[in-house]
Amino acid sequence: MAHLIRLDDSLALDGLTPQCVQESLHQAHQRLLDIADRRGQYADQTGWFDLPVATPESLIGRIEERARMLRNMSDIIVVCGVGGSSLGARAGLGFILDNETGLPESSGLQILFAGDSLSPRQLNHSLNRLAERRFSVIVVSKTGTTIETSIAFQVLWSELLRRFGADDARKRVVAVTDSQRGPLFSMARAKGFETFEFPRDIGGRYSVLSVAGLLPLAAAGLDIRSVLQGAAEQRDAILGTSPADNDSLRYATVRRLLSESGKSTELLAPFEPSLCSLAEWWKQLFGESEGKDGKGIFPASAVFTTDLHSLGQYIQQGPRLLFETIVDICAPMDRTLSLDPGELEGLEYLAGRSLANVNRQAQIATALAHHDGGVPVLRLSIPDMSARSFGAVVYFLEVACAVGGCLLGVNPFNQPGVDEYKKRMYELLNAPGMPSKRY
Ligand code: PA5
């Protein structure tokens, strides 16, 4: 069984007995089976589990075709959405392309994210970037009511109308939203936008492998079939492996046990800056899934080695409330340091090394130092930064998060706290009738 994603917990188990890990793994496996068989109280929220193997060819083809059309008519494709309706696509672009928006020059295309804040400055900046460029918009909102997305989209729609006229503007919009209700659904129907259904049984943060994530990735020219393939391989590995060798369940289990031993914060730490957007998605996934009923590990992130020079002191010697999950790319992009040994004043030890090798030594050193300082360290290994590996790591983390939430005794698929803020804001804006509840 091919395990694309692996977990090394050898520096995280101090104080945890093998028996307690085994018992917890067994419970995790029961929760996995409930989710896989769509049993139990959350059965109607687990549509994400089968996406890698159940997404119909007709939908994949339609996504690819629409993405091609958008690319052909655009210099810039704007992806308008927030939270789970944006972070997954951002994570994929950052992971696979190194950079969220900067596609290769040769593609002649840029992706611009909008609708994820209420900042006038940011919106003005986006509009300035669109001036005199051909652009189109993918708007993603499950409810269609989210204020950040709605405001940005209305502004973008006005701009499309002004620049391209009603008929062309309409063809430049694709909406991913509920298939029967909500303001975005109504507007799409009234204006004649093409729409894709945001599945009701999938929450925003679990939607990366649905059309909500796949359409923006395809629009950027990425191979969404490989993304789904990697996720499907990871799914096979998770379903076909005993609990003891099941790293996704192990991740859920060990972080739960660490939390019970007093570690209340998890720091996700890639040694590659372009994994920053993956970390942002991970924070939402775990934060929204676990942080309720007074429970949950606080998900934080840092990029190493950069942040070792700012947060390193706190991690090494501050309150012992942290554990760390290092993200390791097994085959990173490399660069040989072709340095002339004769010119290396005091840096002779670098001669002959590659930069990826130095980065790896830094990773090992960090794990050892932090572990010695009382920080349990987990290491998540990802083969490379391909579309396939992206699909695999997303699936690995989604399963770990859902299973971990069930172990914690919370509903890992709702977000009543987010709805609470939306309700208060609508009251302050004198829009008390606005629906904020999830469909
Ligand atoms: O995970 C979630 O449910 C949230 O982050 C939502 O994705 C976010 O609030 C955006 O909601 P919507 O897709 O309805 O616009």
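So, how was this worked out
Residues numbered from 1 in each chain as written. Predicted model: local features only at pLDDT ≥ 70, side-chain atom pairs only at ≥ 80, totals over all residues. Heavy atoms only, no water. Near = heavy atom within 4 Å. Areas by Shrake-Rupley, 256 points an atom, 1.4 Å probe, with all protein chains shown as cover. Nonpolar A, V, L, I, M, F, W, Y, C, P; charged D, E, K, R; others polar. Helix = DSSP H or I, 4+ residues; strand = E, 2+ residues; numbered from the N terminus. Buried < 20%, exposed > 50% of the residue type's maximum accessible area, 1.4 Å probe, protein only. Contact = heavy atoms within 4.5 Å. Core = buried A, V, L, I, M, F, W, Y, C linked by side-chain atoms within 4.5 Å. Pairing = 2+ DSSP bridges. Axes fitted to C-alpha atoms, helices over the stretch in contact; angles between N-to-C directions. Patch = residues over 30% accessible without salt bridge, like charges linked within 9 Å, V, L, I, M, F, W, Y side chains within 5 Å. Salt bridge = Lys/Arg side-chain N within 4 Å of Asp/Glu carboxyl O. Lys, Arg positive; Asp, Glu negative; His and termini not counted. Charge placed at Lys NZ, Arg CZ, Asp CG, Glu CD. Disulfide = S-S within 2.5 Å. Parallel < 35°, antiparallel > 145°, perpendicular 65-115°, else oblique. Left-handed = near helix turned anticlockwise from the far one by under 90°.

Visitor: Mind showing me how you'd approach the site of the ligand here?
Guide: Around the ligand lies a shell of 15 residues, among which Ser-85, Ser-141, Thr-143, Thr-146 and Gln-284 are the nearest. For the ligand, the accessible surface in isolation is 380 Å², of which the surrounding protein chains cover 97%. For the shell around the ligand, the class distribution of residues is 1 nonpolar, 9 polar and 5 charged.

Visitor: What am I meant to see in the side chain of Arg-255 here?
Guide: Among the secondary structure elements, Arg-255 is positioned in helix H10 (residues 247-260). On the accessibility criterion, Arg-255 (2% relative accessible area) is buried. Those residues in contact with Arg-255 that lie beyond four places of it in its chain are Glu-266, Phe-286, Glu-290, Ile-297 and Phe-323.

Visitor: Honestly, the nonpolar core in this entry has me stumped. Any pointers?
Guide: Nonpolar side chains in soluble globular proteins tend to be buried together. If you look at the biggest cluster of nonpolar residues, it comprises 91 residues, and the most contacted ones within it are Trp-48, Phe-390 and Leu-397. The element contributing the most residues to this core is helix H14 (residues 387-408), with 15 residues. Judged by nonpolar contacts, the second largest core, of 23 residues, contains Ala-152, Val-173, Ala-175 and Met-187.

Visitor: Just checking my understanding: could you explain the sheet that holds strand E6 (residues 194-197) for this structure?
Guide: The strands that make up a sheet pair up through hydrogen bonds in the backbone, lying either parallel or antiparallel. The 5 strands lie next to each other as E3-E2-E4-E5-E6, forming an open sheet whose pairing is parallel. At either end of the open sheet lies a strand with only one pairing partner, and these are strand E3 (110-114) and E6. On average, each strand axis in the sheet is inclined to that of its neighbour by 20 degrees, with strand direction left out of account. Packing against the sheet, helix H6 (residues 147-171) makes contact with strand E2 (76-80), E3, strand E4 (135-140) and strand E5 (173-177), and its axis sits at approximately 135 degrees to E4.

Visitor: Would you explain a negative patch on the surface in this entry?
Guide: A cluster of acidic side chains, namely Asp-340, Glu-343, Glu-345 and Glu-348, defines a negative patch on the protein surface. Mapped onto the elements of the fold, Glu-345 is located in the loop between strand E9 (322-329) and helix H13 (355-372). The class for Glu-345 is exposed, based on a relative accessible area of 73%.

Visitor: Would you mind showing me how to read the sheet that holds strand E1 (residues 6-11) here?
Guide: Taking strand neighbours across the sheet as the criterion, the 5 strands line up as E1-E10-E9-E7-E8 in an open arrangement whose pairing is mixed. One side of each edge strand has no neighbouring strand; the edge strands of this open sheet are E1 and strand E8 (298-301). The average undirected angle you get between the axes of adjacent strands in this sheet is 25 degrees. Two elements, strand E7 (residues 265-270) and E8, share 4 bridges in a ladder whose sense is parallel. Note on E8: the bridge partner recorded for Thr-265 is Phe-298.

Visitor: What is the right way to read the state of the cysteines from this model?
Guide: Here a disulfide denotes a covalent bond joining the sulfur atom of one cysteine to the sulfur atom of another. Under the definition given, this model contains 0 disulfides. With no disulfide of its own, Cys-20 has Cys-406 as its nearest cysteine by sulfur position, at a separation of 19 Å. The closest cysteine sulfur to the non-disulfide-bonded Cys-276 is located on Cys-401, 19 Å from its own sulfur.

Visitor: Sorry, what's going on with the packing of H10 against helix H11 (residues 276-290) here?
Guide: A pair of packed helices can be characterised by two numbers: the angle between their axes and the separation between those axes. Packing of H10 against H11 brings their axes to within 15 Å, and their N-to-C directions diverge by 60 degrees. The orientation of H10 relative to H11 falls into the category oblique. The crossing of H10 and H11 is right-handed. Between H10 and H11, the contacting residues are Tyr-251, Arg-255 and Arg-256 on the first element and Trp-282, Phe-286 and Glu-290 on the second. Its residues placed into classes, the contact of H10 with H11 shows 3 nonpolar, no polar and 3 charged.

Shape descriptors only; they carry no functional weight alone.
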